[in-house]
Amino acid sequence: MTKRLLFLAHRIPYPPDKGDKIRAWNILDHLADHFETELGCLVDDRDDLQHIPLLRNRLAHVEAPFIFGGGPRAAMRALRHMRPGAPLSRGWFHDPTLAAWVARGLAAGRYDAIFVFSSAMAPYVLGQPRNPAGQRRVLDLVDVDSAKFAAYAEATRGPMRVVYGREARTLLKLERRAAAEFDHTLLVSEAEAQHFLSLAPECAGRVTGIENGVDSVRFDPDRAWANPFTSPGPHLVFTGAMNYRPNIEAVEWFARDVLPLLRKRAAPPEFHIVGARPVPAVLALAQLPGVHVTGTVPEVQPYLAHADAVVAPLRIARGIQNKVLEAMAMARPVIATPEAFEGIRAAPGRDLLLAANAGDFAAKVASVLDGQHPGLGASGRAAVLAGHVWKATLRRLEAYLGVGG
């Protein structure tokens, strides 16, 4: 008899067009080959409602309430469900309908295994009864989110410093409680796993790093991708959700501190910020010379395929950056900060270039544009194919959920 899995995600995992959804979808799709899978998730973008039929065709059941997205409504929801000592993100991702559905299924002993994606969804399961026949529970923290909020607090002044500091402390408390109660906890890299264990040493032996992969067929440099650029360039590309703070800070730093160092070149490069939901601070960058903000695009692959170089200038980052893997899979030269390189199985200088400050970053970009690294793109793709293919990466996950057992 086929085993039944409950998969919980804080955001609908389709389409796989941004970091968390890419990882969630590939794990969900892989596990659905081994389990009769029920998905419980939240929908925070009305456009994503169109993808629910596809998920229902793939899975045994989909419970996906719409929670009105972010902004003031989400903030009010978080405050309404705020509890002493609990992170705001717990209220942000709380939905009574989804909670009741999960509770009914757990009380009925319906699931042989549970996979929870992100600490925000752990409260739906914490303290709930297990299937008497034995039930495997796996939590994917992905990143140590509490450390990200600690970094925000360190970099912020004023009242938000207090808010971020509180979120870091309370979220770490939730992460530790959840990891202690689940059978196994995953993070996106071994480095991230070791960082979490330094904060939660009581979880030793039950924490593992499982890296992200990349779809080498979707990100195939040999396909005839249409050129999205109308000028001769050279073109530098950054991809990512442009309402996400680390991405916002990355492109602001690059546009204001790095790009001006390249403007004296005979052919100054143009910088393309490619990603959905650009906030006003990102839109304002389009007023700078040579900066373009695309907003939502159907696919990022054409921009990567025709880029002279791809930049990943993140200075606040946790875990593996899908944007770096995808650019390397497209055989494009990549220049990244050390923070954006964490967890990637590649050799700096051979497969991509690293730069920690504005001057070095500009120099590394210039060296690529001057043709000093002709084999960098091909070497990067080879590294991704060797170390970051989803099927091989996720095979390790099966034992934690009792596949074949």
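Structure: see above.
Residues numbered from 1 in each chain as written. Predicted model: local features only at pLDDT ≥ 70, side-chain atom pairs only at ≥ 80, totals over all residues. Heavy atoms only, no water.

1. Structural notes on the pairing of strand 2 (residues 36-41)
Regular strands show a simple pattern: their side chains alternate between the two faces of the sheet.
Okay, so step 1: Judged by how many residues are buried, strand 2 sits mostly within the fold: 5 of 6 residues are covered.
Okay, so step 2: For the segment spanning strand 1 (residues 4-9), helix 1 (residues 19-31) and strand 2, crossover handedness is right-handed.
Okay, so step 3: Where strand 2 meets strand 3 (residues 61-63), 3 bridges bridge the pair, whose relative direction is parallel. Of the residues in strand 3, the one forming a bridge with Leu39 is Val62. (Buried < 20%, exposed > 50% of the residue type's maximum accessible area, 1.4 Å probe, protein only. Helix = DSSP H or I, 4+ residues; strand = E, 2+ residues; numbered from the N terminus. Right-handed = clockwise from strand over helix to strand, strands pointing away. Pairing = 2+ DSSP bridges.)

2. Some words on the pattern of salt bridges
Here the idea is simple: oppositely charged side chains can pair when their charged atoms come close.
Okay, so step 1: A complete count under the given rule lists 18 salt bridges for this structure.
Okay, so step 2: Arg58 is the salt-bridge partner of Asp33, the closest N and O atoms lying 2.7 Å from each other. Within this pair, whereas Asp33 is found in the loop between helix 1 and strand 2, its partner Arg58 is found in helix 2 (residues 52-58), the two being separated by 25 residues in sequence.
Okay, so step 3: Note that Arg110 and Glu38 form a salt bridge whose closest N and O atoms lie 3.2 Å from each other. With Arg110 in the loop between helix 5 (96-107) and strand 4 (113-117) and Glu38 in strand 2, the pair connects residues that are 72 residues apart, well separated along the chain.
Okay, so step 4: Given a relative accessible area of 30%, Arg110 falls into the partly exposed group.
Okay, so step 5: What makes Glu38 buried here is its relative accessible area of 5%.
Okay, so step 6: Connected through salt bridges with shared partners, the residues Arg4, Glu36, Glu38 and Arg110 form a single ionic network. (Salt bridge = Lys/Arg side-chain N within 4 Å of Asp/Glu carboxyl O.)

3. Let's talk about the nonpolar core
Okay, so step 1: If you look at the biggest cluster of nonpolar residues, it comprises 92 residues, and the most contacted ones within it are Phe115 and Phe271.
Okay, so step 2: With 7 residues, the top contributor of residues to this core is helix 9 (residues 245-258).
Okay, so step 3: Excluding residues within four positions of it along the chain, Phe115 makes contact with Leu5, Leu6, Phe7, Leu8, Ile27, Leu31, Val138, Asp140, Leu186, Leu397 and Leu401.
Okay, so step 4: Grouped together as the second largest cluster of nonpolar side chains are 40 residues, Val125, Leu141, Ala147 and Leu171 included. (Core = buried A, V, L, I, M, F, W, Y, C linked by side-chain atoms within 4.5 Å. Contact = heavy atoms within 4.5 Å.)

4. Re the sheet that holds strand 1
Okay, so step 1: Sheet architecture is open: 7 strands sit in the order 3-2-1-4-5-6-7, paired in parallel fashion. A strand with exactly one partner marks an edge of an open sheet, and here the two such strands are strand 3 and strand 7 (207-209). For this sheet the average axis-to-axis angle between neighbouring strands, irrespective of direction, equals 20 degrees. (Axes fitted to C-alpha atoms, helices over the stretch in contact; angles between N-to-C directions.)

5. Section: helix 9
Okay, so step 1: Across its 14 residues, helix 9 extends 19 Å between first and last C-alpha, which sits within 8% of the 20 Å expected from 1.5 Å per residue.
Okay, so step 2: Among the 14 residues that make up helix 9, 10 are buried, leaving the element largely enclosed by the rest of the structure.
Okay, so step 3: Residues of helix 9 that are buried: Arg245, Pro246, Asn247, Ile248, Ala250, Val251, Trp253, Phe254, Ala255 and Val258. (Expected span 1.5 Å × (residues − 1).)

6. Here we look at the packing of aromatic side chains
Okay, so step 1: Taken as a whole and judged by the stated rule, the model has 9 aromatic pairs.
Okay, so step 2: Aromatic side chains Tyr152 and Tyr164 sit 5.3 Å apart centroid to centroid with 65 degrees between the ring planes, which places their arrangement in the edge-to-face category. A residue pair is termed long-range when its members are at least 10 positions apart, and Tyr152 in helix 6 (residues 145-155) and Tyr164 in helix 7 (residues 159-181) qualify at 12 residues.
Okay, so step 3: Among the residues examined, Tyr152 registers a relative accessible area of 5% and is labelled buried.
Okay, so step 4: What makes Tyr164 buried here is its relative accessible area of 16%.
Okay, so step 5: A centroid spacing of 4.6 Å and a plane angle of 50 degrees characterise the contact between Phe254 and Phe271, whose relative ring orientation is tilted. With Phe254 in helix 9 and Phe271 in strand 9 (residues 270-274), this residue pair connects regions lying 17 residues apart in the sequence. (Phe/Tyr/Trp six-rings, centres within 6.5 Å; stacked < 30°, edge-to-face > 60°.)

7. Overview of the pairing of strand 4
Okay, so step 1: Burial within strand 4 is extensive, with 5 of its 5 residues counted as buried.
Okay, so step 2: Of the two faces of strand 4, the one carrying Ala113, Phe115 and Phe117 and the one carrying Ile114 and Val116 are both buried.
Okay, so step 3: Where strand 1 meets strand 4, 5 bridges bridge the pair, whose relative direction is parallel. Looking across to strand 4, one finds that Ala9 is bridged to Phe117.
Okay, so step 4: Direction of pairing for strand 4 relative to strand 5 (residues 136-142): parallel, over a ladder of 5 bridges. Each residue of the ladder has a partner; that of Ala113, found in strand 5, is Arg136.

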